[in-house]
Amino acid sequence: MLLEKIAEPNEESRLPLTISKQESRLYMSFMYVAFISLFIGGMMGLLQTLVRSGTITLPWGIDYYQVLTLHGVILALVLTTYFIIGFQFSLMGKTVGISQKQHKAAWLSFWVMVVGTIMTAITILLGKANVLYTFYAPLKAHPAFYIGLALVIIGSWIAGIVNFRQLYVWKKKHPGEKSPLLAFMVTINMLMWIIASIGVAVAVIVQFIPWSLGYAETINVLVSRTLFWYFGHPLVYFWLLPAYMAWYAIIPKIIGGKLFSDSLARLAFILLLFFSIPVGFHHQLTEPGIDPTWKFIQVVLTFMVVIPSLMTAFSIFATFEITGRRKGFKGLYGWFKHLPWKDVRFLAPMIGMLAFIPGGAGGIINASHQMNAVVHNTIWVTGHFHITAATTVVLTFFGITYWLIPHLTGRTLTKSINRLGIIQAIIWTVGMTIMSGAMHIQGLLGGPRRSSYSEYGGTEQASEWIWYQIAQAVGGSILFIGILLMVFIFIKLTFFAPKGEEEFPIAEEEEDATPTPMFLENWKLWIAITIALILFAYTIPFVDIIQNSPPGSPPFDWPIGNS
Amino acid sequence: MKMHRSEEIWLIISVTVLVLSMVVTGYQTFALGMGPPSNTETIDPQKVDETAPFDEPGVYKVGDNEYEVVMTLQIFSFTPGDIEIPAGAEVTFTMTSKDVVHGFQIAGTNVNAMVMPGHIQKITQTFDEPGEYLILCNEYCGAGHQAMATTITVK
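This is a predicted model, so every value here is computed, not measured. All residue numbers here refer to positions counted from 1 along the written sequence of the relevant chain. The order in which chains are written sets their letters, starting at A; the order in which ligands are written sets their numbers, starting at 1. Side-chain atom pairs in this predicted model are given and counted only at pLDDT of 80 or more, local residue features only at pLDDT of at least 70, and totals for whole chains, interfaces and linings cover all residues. Only heavy atoms go into the side-chain values, all of them from the structure, while hydrogens and water stay out.

## Notes on the overall build of chain B
So, step 1. Put simply, DSSP H or I for four residues or longer makes a helix, DSSP E for two residues or longer makes a strand, and each gets a number counted from the N terminus. Per the secondary structure count, chain B includes 1 helix and 10 strands.
So, step 2. Starting at the N terminus and ending at the C terminus, chain B contains elements arranged as α-β-β-β-β-β-β-β-β-β-β.
So, step 3. In this description the radius of gyration comes from C-alpha coordinates, and the expected globular size is given by 2.2 Å times residues to the power 0.38. Since a compact globule built from 155 residues should have a radius of gyration of about 15 Å, the 20 Å found for chain B marks it as more spread out than a globular shape.
So, step 4. The principal-axis extents of the C-alpha atoms in chain B amount to approximately 65 × 35 × 30 Å.

As structure tokens, this is what we get:
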């Protein structure tokens with residue numbers, strides 16, 4: 001202990017740390033899986049839009065829903081989780097450091113996740129798990145599908161525990177100091193992830209695995225769906241928060257500015273932790289068996305989670321304006337015009353931010369209780385998460401890729417790669433506008449999501465939808481070109497870009513910033529409030545669901561060709 | 001923790017909008033009965049055919065231009081299908097699933113409900129506009145999911 005006291009913080013140790021070669025290998029491993037997933041998942045997306053527009057039929061007896069399951073699992077669960085965990089490890093490594101032991105545990109998390117991913121992927125490829133990534137009971141996949149998923153979740157928990165340990169060790173060494181902002185944010189995100197994924201882990205381990213193995217005859221369908229959506233909404237915040245990390249603490253540095261407010265950023269993240277979880281019923285609004293009063297209460301809680309996002313929007317645009325004015329750009333919009341539009345590290349996330357304006361508005365519509373009936377399970381919802389997850393989040397992740405990969409591989413983002421990146425961002429925007437726009441409109445007309453090509457008996461209503469499905473195929477094809485370009489850029493940044501040093505941008509506070517109040521680090525209190533809110537939102541309705549449960553459902557495997 | 005004055009204004013205005021929309025939503029839900037379908041009756045999912053009213057699915061006249069449609073949903077069909085009702089009729093659909101989770105949606109209306117095994121779902125709609133409406137399953141239920149559709153004709 002004495003030794004550590006001596007080694008205590010001089011100003012130097014507070015500056016971003018250097019990422020060693022050994023660490024880079026760890027972080028890059030997560031990125032490899034992420035970009036392989038992007039390629040495979042993207043190709044599956046393209047196939048879907050082509051099938052559904054009536055352009056092609058799949059060869060070799062491949063089922064549309066098999067392709068759809070692979071697309072959902074590999075992009076929504078694999079790409080996101082690997083990218084996020086790799087990115088978050090690099091943030092922790094840069095701000096609080098990683099010890100040898102933690103490093104080993106981090107590798108363990110990687111391999112546990114990889115084993116799980118491969119198990120799940122093989123099951124899907126063999127056509128034994130055409131249950132889509134929500135795997136709603138009583139459709140039954142092969143047990144290996146569920147066991148693989150459980151391993152992915154357990155692997156991600158190990159990563160989260162390593163992150164907690166990293167911050168804890170740092171805090172021990174820096175008593176009385178506030179934690180680095182990015183480390184604080186990573187810790188919030190992993191806390192939320194672990195608390196939320198307990199729900200799906202319980203469903204998978206207690207309900208699905210014994211039932212799919214035949215040890216349990218029936219499954220409680222509503223309980224499994226409720227546990228899934230207890231996890232399913234925070235899941236989307238688990239994707240969004242790393243994007244917010246970049247917006248709050250990285251983009252300001254890229255545009256040559258400072259942090260807007262360290263304390264407000266922390267407060268926003270704490271509010272996101274509170275209100276991301278006790279809101280799952282807004283995905284189950286049209287379901288029987290759930291007390292309507294509790295549905296409404298969770299809708300109100302859902303609206304609370306809008307507030308930290310509004311704070312985020314304000315902070316970010318305030319940073320843009322302050323930075324622009326400081327650089328001397330005059331007029332009402334001078335600061336906006338002179339943002340570094342030609343720097344892809346800024347442009348890609350910026351398009352993501354702008355997409356979140358219609359994306360967030362669409363989310364409010366979906367969660368608006370009775371208004372949900374207009375869009376529930378229509379392809380509007382698919383359109384919604386393609387402009388939020390697949391644009392806001394993914395373009396921000398691409399924006400991170402442009403500096404993180406070369407930083408880790410000891411290369412540089414050259415002018416020509418930057419230009420390719422700008423083209424990539426534009427292709428993405430065009431493709432997504434066409435595809436997601438068509439999905440939104442078709443959804444409002446009643447077109448369902450998650451459905452293969454169908455003329456629905458030639459009814460007049462369905463005949464109007466085909467044009468939107470063709471537009472989705474056009475958008476999907478453009479997006480696939482964008483994916484190919486992105487994978488090319490990734491390969492280039494990993495193996496071929498010129499050697500050099502690429503900056504790991506982390507924004508600093510203003511010289512005269514007001515100090516961050518220490519109560520923001522009161523982790524026990526934040527966890528207690530989070531759990532209290534969950535207990536408030538779920539205890540009564542969940543007990544009610546269990547007490548009024550009907551007899552369970554036996555497994556159905558033949559409808560998905562798994563008998 | 002000091003907030004910028006304009007940020008305070010921004011948050012006050014937007015939170016007011018959120019609160020107002022919640023008040024309107026709550027009023028519509030609880031005072032006008034426009035809440036989403038949330039029936040809480042249950043049934044043994046393996047004995048649907050033997051349990052009333054699902055032992056005799058069909059369209060029943062229950063009042064002056066009021067109808068009840070007792071319907072089972074199963075892979076990949078609706079029973080009964082090709083329903084006909086007069087214009088202006090108020091129709092209550094009483095539904096359950098005989099196997100997996102299905103969705104019940106009438107395109108071009110606000111009728112949209114999950115139909116789950118073990119649960120009885122109810123949803124009511126008044127059909128003023130004559131025409132043929134497409135009923136489709138909007139929850140993935142297996143390889144033939146896209147074929148699970150029928151119609152309701154308002155005359």
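## A word on the domain arrangement of chain B
So, step 1. Domain start and stop positions are those given by an automatic or database domain assignment. Each domain of chain B was delimited in the assignment, giving domain 1 (1-36) and domain 2 (41-154).
So, step 2. Computed over C-alpha atoms, the centres of domain 1 of chain B and domain 2 of chain B are 35 Å apart.

## Thoughts on the UniProt feature "domain: Cytochrome oxidase subunit II copper A binding" (unreviewed entry) in chain B
So, step 1. UniProt positions are given in the numbering used here, feature names are shortened, and annotations may be inferred rather than shown by experiment. Per the UniProt record, the feature "domain: Cytochrome oxidase subunit II copper A binding" (unreviewed entry) sits at residues 55-155 of chain B.
So, step 2. Counting secondary structure, residues 55-155 of chain B comes out at 0% helix and 57% strand; the distance between its end C-alpha atoms is 28 Å.

## Quick look at the interface of chain A and chain B
Note on interface size: it is often stated as the accessible area lost on association of the parts.
So, step 1. Residue contacts follow a heavy-atom distance rule, with two residues in contact if any of their heavy atoms lie within 4.5 Å. On the chain B side, the residues contacting the 73 residues of chain A number 62 residues.
So, step 2. What gets called buried area is simply the loss in accessible area from a 1.4 Å probe that two parts show on being joined, summed for both. A buried area of about 5300 Å², summed over both sides, lies between chain A and chain B, and 69% of it is on carbon and sulfur atoms.
So, step 3. By the criterion of area lost to chain B, the three top residues of chain A are P288, F314 and Q370 of chain A, representing 12% of everything that side buries.
So, step 4. The term salt bridge refers to a pairing of a side-chain nitrogen on Lys or Arg with a carboxyl oxygen on Asp or Glu at a separation within 4 Å. Summed over the shared surface of chain A and chain B, the result is 2 salt bridges.
So, step 5. For E139 of chain B, the salt bridge is made with R225 of chain A, and the minimal N-O distance between the two is 3.9 Å.

## Some thoughts on the sheet that holds strand β6 (residues 102-106) of chain B
Hydrogen bonding along the main chain pairs the strands of a sheet, whether they run parallel or antiparallel.
All names here are of chain B.
So, step 1. A pair of strands is treated as paired once DSSP finds two or more bridges between them. Pairing in this open sheet of 5 strands is mixed, and the strands run β4-β10-β9-β6-β7 from one edge to the other. A strand with exactly one partner marks an edge of an open sheet, and here the two such strands are β4 (83-85) and β7 (112-115). Put simply, the sheet's adjacent strands are angled 20° from each other on average, direction ignored.
So, step 2. In this sheet, β7 lies alongside β6 in antiparallel orientation, the contact comprising 4 bridges. Within the sheet, the bridge partner assigned to Q105 lies in β7 and is N112. Working convention: axes come from line fits to C-alpha atoms, limited for helices to the stretch in contact. Angles between N-to-C directions cover 0 to 180 degrees.

## Thoughts on a nonpolar patch on the surface
Residue and element names in this part refer to chain A.
So, step 1. Residues form patches when they are more than 30% accessible in relative terms and have no salt bridge. Like charges link within 9 Å. Nonpolar side chains (Val, Leu, Ile, Met, Phe, Trp, Tyr) link within 5 Å. Reported accessibility uses the Shrake-Rupley method at a 1.4 Å probe radius. Residues are deemed covered only where the shown protein chains occlude them. On the surface, I426, V430, I434, W467, I470 and V474 cluster together into a nonpolar patch covering about 540 Å² of accessible area.
So, step 2. Counting residues per element, the ones that place at least two in the nonpolar patch are α16 (415-444) and α17 (460-496).
So, step 3. Within the element layout of this structure, I434 appears in helix α16.

## Observations regarding the confidence of the model for chain A
So, step 1. Chain-level statistics for chain A give a pLDDT mean of 92 and a share of 97% at 70 or above.
So, step 2. Known as pLDDT, the predictor's confidence for each residue is given on a scale from 0 to 100. The low-confidence segment residues 1-13 of chain A, where pLDDT is below 50, has 8 contacts with residues more than four positions distant or belonging to other chains.

## Quick look at the side chain of K94 of chain A
All names here are of chain A.
So, step 1. The residue K94 is located in helix α3 (residues 64-95) in this model.
So, step 2. Each residue gets one of three labels from its accessible area relative to the maximum for its type: buried under 20%, exposed over 50%, partly exposed in between, using a 1.4 Å probe on protein chains only. His is not counted here, nor are the chain ends, while Lys and Arg score as positive and Asp and Glu score as negative. In this structure, K94 is buried with no salt-bridge partner, the nearest side chain bearing the opposite charge being E501 at 7.9 Å.
So, step 3. Counting of polar contacts relies on pairs of N or O atoms within 3.5 Å, with two restrictions inside protein: one atom must be capable of donating a hydrogen and the other of accepting it, and residues adjacent in sequence are counted only when both atoms are side-chain atoms. Side-chain polar atoms of K94 contact the backbone oxygen of L17, separated by 2.7 Å.
So, step 4. Those residues in contact with K94 that lie beyond four places of it in its chain are P16, L17, T18, I19, H407, F504 and I506.

## Focus on the nonpolar core
So, step 1. Buried Ala, Val, Leu, Ile, Met, Phe, Trp, Tyr and Cys residues that are joined via side-chain atoms within 4.5 Å together make up what is termed a nonpolar core. Counting residues in each nonpolar core, the largest one holds 223 residues, and the members touching the most others are F135, F145 and F320 of chain A together with F93 and F104 of chain B.
So, step 2. Of all the elements, helix α7 (residues 221-249) of chain A adds the most residues to this core, at 21 residues.
So, step 3. Counting only domains with at least three residues in this core, you end up with domain 1 (1-36) and domain 2 (41-154) of chain B.
So, step 4. Counting residues in each nonpolar core, the second largest holds 6 residues, with Y456, A462 and W465 of chain A together with L134 of chain B among its members.

## Brief notes about the environment of R25 of chain A
Residues and elements named next belong to chain A.
So, step 1. With respect to the helices and strands, the residue R25 is situated in helix α2 (residues 21-52).
So, step 2. The class for R25 is exposed, based on a relative accessible area of 54%.
So, step 3. Sequence separation between R25 and G443 is 418 residues; the distance between their C-alpha atoms is 44 Å.

## What about unusual backbone geometry?
Residue and element names in this part refer to chain A.
So, step 1. The amide bond that connects A137 to the next residue, P138, takes the cis arrangement and shows omega of 0°.
So, step 2. Mapped onto the elements, P138 comes out in the loop between α4 (100-125) and α5 (143-173).
So, step 3. Of note, F135 is a non-glycine position whose phi angle comes to about 35°, a positive value.
So, step 4. In this structure F135 comes out as buried when scored by relative accessible area, which is 4%.
So, step 5. If you check the backbone angles, Y456 has positive phi at about 50° while not being a glycine.
So, step 6. Within the secondary structure layout, Y456 lies in the loop between α16 and α17.
So, step 7. You can call Y456 buried: its relative accessible area is 6%.

## Some thoughts on the confidence of the model for chain B
Detailed conclusions should not be drawn from predicted coordinates in areas where pLDDT is low.
So, step 1. Taken over all residues, the pLDDT of chain B has a mean of 93, while the share at 70 or more is 99%.
So, step 2. Two numbers describe this predicted complex: its pTM, 0.94, and its ipTM, 0.95.

## Quick look at the environment of S368 of chain A
So, step 1. Within the fold, S368 of chain A resides in the loop between α13 (344-367) and α14 (372-375).
So, step 2. The exposure class assigned to S368 of chain A is buried, which follows from its relative accessible area of 8%.
So, step 3. For the pair formed by S368 of chain A and T302 of chain A, sequence separation is 66 residues and the distance between their alpha carbons is 9.1 Å.
So, step 4. Leaving out residues up to four positions away in the same chain, S368 of chain A has contacts with F303 of chain A together with T25 of chain B.

## Points about the packing of α5 of chain A against helix α6 (residues 181-213) of chain A
All names here are of chain A.
So, step 1. Their axes nearest at 9 Å, the elements α5 and α6 cross at an angle of 155°. By the criterion of interaxial angle, the relationship of α5 to α6 is roughly antiparallel. Classified by chirality, the crossing of α6 by α5 is left-handed.
So, step 2. For the contact of α5 with α6, the residue count by class is 25 nonpolar, 6 polar and no charged. Under this scheme an angle from 65 to 115 degrees is roughly perpendicular, one under 35 degrees roughly parallel, and one over 145 degrees roughly antiparallel; angles in between are oblique. Left-handed describes a crossing whose near helix is turned anticlockwise from the far helix by less than a right angle; the clockwise case is right-handed. Note on residue categories: nonpolar means Ala, Val, Leu, Ile, Met, Phe, Trp, Tyr, Cys or Pro, charged means Asp, Glu, Lys or Arg, and polar means any other residue, Gly included.

## A word on the pattern of salt bridges
Residue and element names in this part refer to chain A.
So, step 1. Counted according to the given criterion, the structure contains 17 salt bridges over all chains.
So, step 2. As a salt-bridge pair, R326 and E510 come within 3.2 Å of each other at their nearest N and O atoms. One end of the pair, R326, is in helix α11 (residues 306-326); the other, E510, is in the loop between α17 and α18 (523-547), with 184 residues separating them in the sequence.
So, step 3. Take R326: its relative accessible area is 54%, and that puts it in the exposed class.
So, step 4. Through salt bridges with shared partners, a single network forms among K171, K178, D262, R266, E509 and E521.

## Topic: a negative patch on the surface
So, step 1. The atoms used to mark charge sites are NZ of Lys, CZ of Arg, CG of Asp and CD of Glu. A grouping of E460 and E464 of chain A together with D82 and E132 of chain B is seen on the molecular surface, where their side chains present a negatively charged patch.
So, step 2. Within the secondary structure, E464 of chain A sits in helix α17.

## Things to note about the packing of aromatic side chains
Residues and elements named next belong to chain A.
So, step 1. In this scheme Phe, Tyr and Trp rings, the latter by its six-membered ring, pair at centre separations within 6.5 Å, and the angle between planes marks the pair as stacked below 30 degrees, edge-to-face above 60, and tilted otherwise. Using the criterion set out here, one finds 52 aromatic pairs over all chains in the structure.
So, step 2. Relative to F145, the ring of F135 lies with its centre 6.1 Å away and its plane at 75°, an arrangement referred to as edge-to-face. Linking F135 in the loop between α4 and α5 with F145 in helix α5, this pair joins segments that are 10 residues apart in sequence. Each member of the pair, F135 as well as F145, is classed as buried.
So, step 3. Judged by centre distance (5.2 Å) and plane angle (35°), the ring pair of Y244 and W247 falls under tilted. Highlighted residues: Y244 and W247, both in helix α7, separated by 3 residues, approximately one helical turn. For the pair Y244 and W247, a shared accessibility class is recorded, and that class is buried.

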